[in-house]
Amino acid sequence: MISNLDEYLGIDSKVLEKALTDILEDVDLLAIAHNLEGKIVYINPYFLLLSGYRKEEILGSDLYSSLEPKLQTKSGAVVEVFWSSTSLKNEEGNSVGLFSVGIDVTVRNTIQRLLEQSERTLKDRATQLEDKNKYLEDSRRAMFNLLDDAKALEEELQKEKFNVEKIVGERTHELKEEQARLLASINSVPKGLIIADNEGKILFTNKTVISILNADSRLWTLEGVQRYLGESVDLLKEFKRVHESGAPSKVSNIIFKTKYLEVYMSPILSNSVQNTIGIVVLIDDVTEAKVLERSKDEFFTIASHELRTPLTVIKGNSQLLKDKYVSMVSDVNFEEIVNDIHDSSVRLIEMVNEFLTTSSLEQGKIEFKKDKVNIITVVNNVIDELEITAHAKNLYLKYTSLKSQKMDGLTVVADANRVHEVLVNLVSNAISFTNSGGIKIETLKIPGMLKVEVIDTGKGISEKNQSLLFRKFQQANESLLIRDTKRGTGLGLYISKLLIEGMGGQIGLESSVEGKGSVFYFILPLANGA
Amino acid sequence: MNRLLIIEDEAVVARMYEKIFNYAGFTVEIAGDGEDGLAKVKNTNPDLILLDIMMPKMDGLKVLDILKKDEFTKNIPVVVLTNLGNDAVVTEAFRLGATGYIFKSGMSNDRIVEEVKQYLAPPKDQVPQG
């Protein structure tokens with residue numbers, strides 16, 4: 001190699017050798033030369049220092065014969081070396097040994113490793129971060145999704161809420177209108193209205209209550225109302241009764257100061273709850289109606305009474321004319337005139353008497369005797385009385401009783417005159433409405449009672465008119481404009497009803513077939529309860 | 001001939017009864033009110049008294065009570081004239097001693113005469129005098 005250098009550089013090989021040796025002695029490179037036996041023949045100072053051996057120990061030794069990338073110092077430390085070797089040749093070109101130069105790369109490699117480690121760590125970190133980032137990203141996305149969902153949900157809710165609010169608003173409006181209408185109605189009703197809860201606490205009163213009671217402040221409880229009413233009515237007792245029974249009640253004829261009152265109570269029942277949830281109290285001021293009713297009754301009585309005296313005089317005197325003077329006058333019209341006056345006065349008196357009887361019955365002024373009355377006697381008397389009228393129309397009028405009945409068992413507890421009156425009325429009606437056939441009276445026992453039936457073969461009563469029977473001033477005519485002047489006031493059956501009911505019985509229409517006839521009946525309690 | 005005293009405040013009614021009973025053969029005296037009636041009963045000594053219930057000043061029941069408490073008049077039959085056939089007044093009249101009643105507007109002339117004849121006491125020989 002030296003010779004080559006000579007060759008190339010043209011410099012004295014000795015000079016070059018010296019320079020190289022100096023460099024090798026000075027430079028921070030590891031330089032070593034081995035002979036063919038592998039013994040160290042040269043080692044530069046840097047290598048010697050690094051190895052930790054002394055020069056005598058290392059020269060001629062076979063230490064470091066194979067140049068590993070890692071060599072061990074005497075102290076055991078490992079030094080990393082990057083080697084470069086070249087063969088040492090003599091002048092003949094034969095290999096005499098090996099010259100190696102090495103660079104201590106321990107630091108570099110350490111740094112390299114550290115760098116690599118750092119890089120790896122960084123990479124790991126980066127990966128971790130990436131993972132974390134990814135996780136965060138996922139979370140974020142999930143959160144956004146959630147938020148989106150929530151937002152959509154919220155929007156939907158908002159929309160729903162708006163709809164609900166709209167509907168509620170509409171309903172509320174409707175309810176308010178309804179309430180206003182109801183309130184206006186309730187307030188304008190001329191009856192006092194109180195709504196109370198189960199404890200008697202007042203939830204609502206209308207103005208009429210205040211004016212009826214002449215109350216000076218708001219009413220809070222039924223006790224408060226009771227204080228105003230005083231002893232005229234026990235409102236609280238009624239309240240308790242209605243509350244417990246769940247059934248409505250009515251108290252009439254309450255005299256409160258100068259007023260007549262009627263109190264109605266009705267429980268408020270809820271659909272969902274079986275129990276009452278409160279109570280409605282209606283206080284009706286019936287003073288006007290009472291006064292009107294009384295003056296009507298009084299008018300009825302007085303008018304009828306005052307009418308009777310002159311009518312009696314007309315009737316009596318026309319009778320006298322008939323009896324004593326008609327025969328004295330030759331003009332036949334005279335008799336007719338006198339008869340008409342007389343008959344009309346009789347009819348008029350009968351009507352007035354019916355009015356008065358009705359009025360007395362309605363006012364409860366008529367007392368009924370409770371005699372033992374043999375119904376056969378009454379029936380026979382009535383037949384005797386009306387036989388002529390029936391026969392005049394060619395109708396039969398007869399009594400039949402079931403054979404199993406003992407005649408002496410047909411005794412009722414009643415007022416004989418009143419039973420007679422009723423039977424006369426029923427039979428007279430039957431005769432009036434029958435043109436062929438006749439009238440049959442039948443008696444039959446039912447438990448504790450005796451039933452008397454008046455069976456005719458007359459024209460019957462239409463279904464529509466059946467409901468009008470037994471009502472005041474009602475005649476079974478098709479129209480109000482058709483007046484059967486023969487049949488009086490239309491009070492007959494009404495009076496009969498009042499009379500029979502006054503004696504503890506019942507009266508009614510058993511059946512009626514148009515064109516075939518009708519069956520009227522009345523029932524009276526049997527004597528001895530037989 | 002039977003003597004009749006009619007105590008009735010309504011003149012038209014009284015006059016009518018007077019005629020009816022005159023035709024039936026009675027002698028009739030009329031009194032326009034209770035006091036007049038009580039005075040006339042002493043003067044005329046009637047066989048029967050027809051007494052209206054509803055009268056001003058003194059009502060028929062009061063008159064009846066006085067008549068029945070008086071030794072001189074208590075045996076004279078009194079028939080009350082009434083408007084309603086079955087009311088409390090009639091019951092009270094019977095309690096006070098009335099012999100019968102006539103339902104004024106509900107009876108024919110003949111019927112009234114019949115009723116009165118029925119109530120007439122047998123021919124009176126033993127009517128206390130003075």
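Residues numbered from 1 in each chain as written. Chains lettered and ligands numbered in written order. Predicted model: local features only at pLDDT ≥ 70, side-chain atom pairs only at ≥ 80, totals over all residues. Heavy atoms only, no water.

Going by the annotation in an unreviewed UniProt entry, the name recorded for chain B is Response regulatory domain-containing protein, with candidate division WWE3 bacterium RIFCSPHIGHO2_02_FULL_38_14 given as the source organism.

(A) Fine view of the sheet that holds strand β14 (residues 438–446) of chain A. Residue and element names in this part refer to chain A. Pairing in this open sheet of five strands is mixed, and the strands run β12-β14-β15-β17-β16 from one edge to the other. Looking along the sheet, the strands with just one partner apiece sit at the ends: β12 (396–401) and β16 (506–513). Adjacent strand axes in the sheet meet at a mean angle of 20° when their direction is disregarded. In terms of strand pairing, β16 meets strand β17 (residues 517–525) through seven bridges, oriented antiparallel. Residue I507 lies in a different strand from β17, and its bridge partner there is F522. (Pairing = 2+ DSSP bridges. Helix = DSSP H or I, 4+ residues; strand = E, 2+ residues; numbered from the N terminus. Axes fitted to C-alpha atoms, helices over the stretch in contact; angles between N-to-C directions.)

(B) Quick peek at the interface of chain A and chain B. Of the residues lining the interface, 19 residues belong to chain A; the matching set on chain B comes to 19 residues. Our enumeration of links across chain A and chain B arrives at zero salt bridges. Contributions of two or more residues to the side of chain A that touches chain B are made by α9 (287–325) and α10 (332–362) of chain A. Top element by residues in the side of chain A that touches chain B is α9 of chain A. It accounts for 13 residues. (Contact = heavy atoms within 4.5 Å. Salt bridge = Lys/Arg side-chain N within 4 Å of Asp/Glu carboxyl O.)

(C) Spatial organisation of helix α1 (residues 11–23) of chain B. All names here are of chain B. When the terminal C-alpha atoms of α1 are compared, their 18 Å separation across 13 residues agrees well with the 18 Å that a helix rising 1.5 Å per residue should span. Taken as a whole, α1 has its buried residues at V13, A14, M16, Y17, I20 and F21. Each buried residue of α1 sits inside an arc of 160° when the element is viewed along its axis, so together they form one side. Positive phi appears at G25, one or two residues downstream of α1, with a value of about 95°. (Expected span 1.5 Å × (residues − 1). Buried < 20%, exposed > 50% of the residue type's maximum accessible area, 1.4 Å probe, protein only. Arc of directions from axis to C-beta.)

(D) Quick peek at the environment of K259 of chain A. Residues and elements named next belong to chain A. Within the secondary structure layout, K259 lies in strand β9 (residues 259–269). Linking K259 and I212, residues 47 residues apart in sequence, is a C-alpha distance of 8.6 Å. Setting aside its immediate chain neighbours within four residues, K259 contacts S211, I212, I254, D285 and T287. In this structure the side chain of K259 is engaged in a polar contact, spanning 2.7 Å, whose partner is the backbone oxygen of I212. (Polar contact = N/O pair within 3.5 Å; in protein donor to acceptor, adjacent residues only side chain to side chain.)

(E) Representation of the packing of α10 of chain A against helix α14 (residues 492–502) of chain A within the structure. Residue and element names in this part refer to chain A. Between α10 and α14, whose axes approach to 10 Å, the crossing angle comes to 35°. As α10 packs across α14, the resulting crossing turns out to be left-handed. Here α10 contributes E354, T357, T358, L361 and E362 to the contact with α14, which in turn contributes G492, Y494, I495, L498 and L499. Each residue belonging to the contact of α10 with α14 can be placed in one class, and the counts come to five nonpolar, three polar and two charged. (Left-handed = near helix turned anticlockwise from the far one by under 90°. Nonpolar A, V, L, I, M, F, W, Y, C, P; charged D, E, K, R; others polar.)

(F) Region of interest: the confidence of the model for chain B. Residue and element names in this part refer to chain B. Taken residue by residue, chain B gives an average pLDDT of 86. The fraction at 70 or more is 89%. Ignoring residues within four places in sequence, the model shows residues 126–130, a span with pLDDT below 50, making four contacts including any to other chains. Scored by ipTM, the complex comes to 0.84, with pTM at 0.50. (pLDDT = per-residue confidence, 0-100.)

(G) Inspection of α10 of chain A at higher detail. Residues and elements named next belong to chain A. Taking 1.5 Å of rise per residue, 31 residues should cover 45 Å, and α10 covers 45 Å from first to last C-alpha, within 8% of that figure. Between a side-chain oxygen at the N-terminus of α10 and the backbone nitrogen of N333 the separation is 2.9 Å; the capping residue is D331. Just beyond α10, the residue with positive phi is G364, at close to 70°.

(H) Structural context of the sheet that holds β9 of chain A. Residues and elements named next belong to chain A. With antiparallel pairing, the five strands of this open sheet are ordered in space as β7-β6-β10-β9-β8. In this open sheet, the two strands that pair with only one neighbour each are β7 (202–205) and β8 (249–256). The average angle at which neighbouring strand axes cross in this sheet is 20°, direction not considered. Summarising the sheet, β8 and β9 pair through six bridges and their orientation is antiparallel. Residue pairing in the sheet places F256 in a bridge with K259 of β9.

(I) Just the nonpolar core, in detail. All names here are of chain A. Ranked by internal contacts, the top residues of the largest apolar core, which has 46 residues, are L423, V427 and F522. If you list the elements that add at least two residues to this core, you get α11 (375–392), β12, β13 (411–414), α12 (416–432), β14, β15 (449–456), α14 and β17. Beyond its immediate stretch of four places on either side in the chain, L423 contacts V378, V379, V382, V452, V454 and F522. One finds L213, A215, L222 and M265 within the second-largest nonpolar core, a separate group that totals 24 residues. (Core = buried A, V, L, I, M, F, W, Y, C linked by side-chain atoms within 4.5 Å.)

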